[in-house]
Amino acid sequence: MLTLQNKTILITGASRGIGKGIATYLANLGADIAFTYASSVEKANAFEAELIALGVKAKGYQSNAADFAASETLVDEVVKEFGKIDVLVNNAGITRDTLLMRMSEAQWDEVLDTNLKSAFNMTKAATKYMMKAKQGSIINITSVVGITGNAGQANYAASKAGMIGFTKSVAKELGSRNIRCNAIAPGFIETEMTDALNADVKAEWIKGIPLKRGGTTVDVANCVAFLASELSAYITGQTINVCGGMVM
Ligand code: NAP
């Protein structure tokens, strides 16, 4: 049975959605969890209590992953509180979808800063400690859209494609320090957000998926658990699509 006991995992954007699913799953495997969020203070406080009730150490931090200095401060605080960071999951992400013709500079910058610059900010801050510890696993949550592109998502697709290039570069730079860096590209994952989609739109999406269902946060969390554990000790620089075969 896979265990993540004695591992400290820092995950960005875990007050809801996929991040919350990943954090819950990893805590159930025994990992201590530090997680961040942007503004959902009440949800995050309730979630912190839920994780602690699972018998692990857990703490939520309100911190903007797009802010370089704030990310550095956050990582220092987490190490002070937890003693180390074994695994970093760069999950925080947003969309500001619109056609290129209508996309404002602000919509471009917000998405690139939150999705891509955040991965740089957090990875730079956390690897300082991982290098001293001579071990670490970094997991970047990208998207199949970063591989295929998508009309109406030029900003989002560019940020997610950027994460894949970033992942491979970090893997090449830090492999000799026993720090691995991989990406997970989810496809259509059912969350509170997708619950709001109308049934016809959802059915149309599912038609194009070989496994004929949307993914769950547990499907993504299973892959995160694998990449966080020693089961993936010889895997770095890879992007694993968790998409029911939607993209091959
Ligand atoms: P979500 O439900 O919108 O949750 C986003 C999380 O990120 C929230 O916890 C939010 O905190 C946090 N966040 C947003 N901006 C932040 C910032 N600047 N700093 C720190 N935290 C921030 O999103 P999701 O659907 O779970 O997606 C999670 C990740 O998976 C994203 O990177 C997304 O691109 C990727 N993904 C999702 C799907 C999908 O089908 N859902 C598919 C492929 C990839 P607050 O609650 O405080 O706002």
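Read on for a plain summary of the structure.

Cut-off values and rules
Residues numbered from 1 in each chain as written. Predicted model: local features only at pLDDT ≥ 70, side-chain atom pairs only at ≥ 80, totals over all residues. Heavy atoms only, no water. Helix = DSSP H or I, 4+ residues; strand = E, 2+ residues; numbered from the N terminus. Rg over C-alpha atoms; globule rule 2.2 N^0.38 Å. Buried < 20%, exposed > 50% of the residue type's maximum accessible area, 1.4 Å probe, protein only. Contact = heavy atoms within 4.5 Å. Areas by Shrake-Rupley, 256 points an atom, 1.4 Å probe, with all protein chains shown as cover. Lys, Arg positive; Asp, Glu negative; His and termini not counted. Charge placed at Lys NZ, Arg CZ, Asp CG, Glu CD. Disulfide = S-S within 2.5 Å. Pairing = 2+ DSSP bridges. Axes fitted to C-alpha atoms, helices over the stretch in contact; angles between N-to-C directions. Salt bridge = Lys/Arg side-chain N within 4 Å of Asp/Glu carboxyl O. Expected span 1.5 Å × (residues − 1). Arc of directions from axis to C-beta. Near = heavy atom within 4 Å. Polar contact = N/O pair within 3.5 Å; in protein donor to acceptor, adjacent residues only side chain to side chain. Nonpolar A, V, L, I, M, F, W, Y, C, P; charged D, E, K, R; others polar.

On to the overall build of the chain, then. The secondary structure content of the chain amounts to nine helices and seven strands. Taken against the 2.2 N^0.38 rule, which gives 18 Å for 248 residues, the C-alpha radius of gyration of the chain at 17 Å falls within 12% of a compact globule. Per-residue burial over the chain gives 49% buried out of 248 residues. Relative to all contacts within the chain whose residues are 6 or more apart in sequence, the contacts with residues 24 or more apart total 74%. A total of about 11,900 Å² of accessible surface is found on the chain, and carbon and sulfur atoms cover 54% of it. With 24 positive and 23 negative side-chain charges, the chain shows a spacing of 6 Å between the two charge centroids.

All right, on to the state of the cysteines then. Applying the stated criterion to the full structure yields zero disulfides. With no disulfide partner, C223 has as its closest neighbouring cysteine sulfur the one in C243, 11 Å distant.

A word on the sheet that holds strand β7 (residues 239–242). Read across the sheet, seven strands follow the order β3-β2-β1-β4-β5-β6-β7 without closing on themselves; strand pairing throughout is parallel. Only two strands of the sheet have a single neighbouring strand rather than two, namely β3 (58–62) and β7. For this sheet, the mean angle separating the axes of adjacent strands, direction not counted, is 20°. Across six bridges, strand β5 (residues 136–141) lies against strand β6 (residues 179–186) in parallel orientation. Within β6, the position partnered with I141 by the bridge is I184. Along the sheet, helix α3 (residues 68–82) contacts β1 (8–11), β2 (32–37) and β3; its crossing angle with β3, the most-contacted strand, is approximately 160°.

A separate point is the environment of Y25. Secondary-structure assignment places Y25 in helix α1 (residues 17–28). Y25 sits 193 residues away from V218 along the chain, and the two C-alpha atoms are 7.2 Å apart. When neighbours within four sequence positions are excluded, Y25 is seen to be in contact with V218, A221, N222 and A225.

This part is about the pattern of salt bridges. According to the stated counting rule, one finds eight salt bridges in the structure shown. A salt bridge links K207 to E204, with the nearest nitrogen and oxygen atoms 3.3 Å apart. Note that K207 and E204 are positioned in helix α8 (residues 199–207) at a spacing of three residues, about one turn of the helix. Exposure class is identical for K207 and E204. Each is exposed.

The end-to-end C-alpha separation of helix α2 (residues 41–53) is 19 Å, in line with the 18 Å expected for 13 residues at 1.5 Å each. Residues A44, F47 and L51 constitute the buried set of α2. Buried residues of α2 fall within an arc of 65° about the axis and therefore sit on the same side. In α2, the exposed positions that point more than 90 degrees away from the buried face belong to E42 and A53. A positive backbone phi angle near 95° is found at G55, which sits one or two residues after α2.

Further remarks concern the site of the ligand. Taken together, 27 residues sit near the ligand, with S15, I18, S39, S40 and Y156 positioned nearest. At 2.8 Å from an oxygen atom of the ligand is found a side-chain nitrogen or oxygen belonging to R16. Separating a nitrogen atom of the ligand from a backbone N or O atom of A65 is a distance of 3.0 Å. Mapped onto the shell around the ligand, the elements with two or more residues apiece are α1 and α6 (154–174). Of the residues in the shell around the ligand, the class split is 12 nonpolar, 13 polar and two charged.

Along the polypeptide, A38 turns up in the loop between β2 and α2. Once the C-alpha coordinates of A38 and K132 are considered, the two residues, 94 residues apart in sequence, prove to be 29 Å apart.

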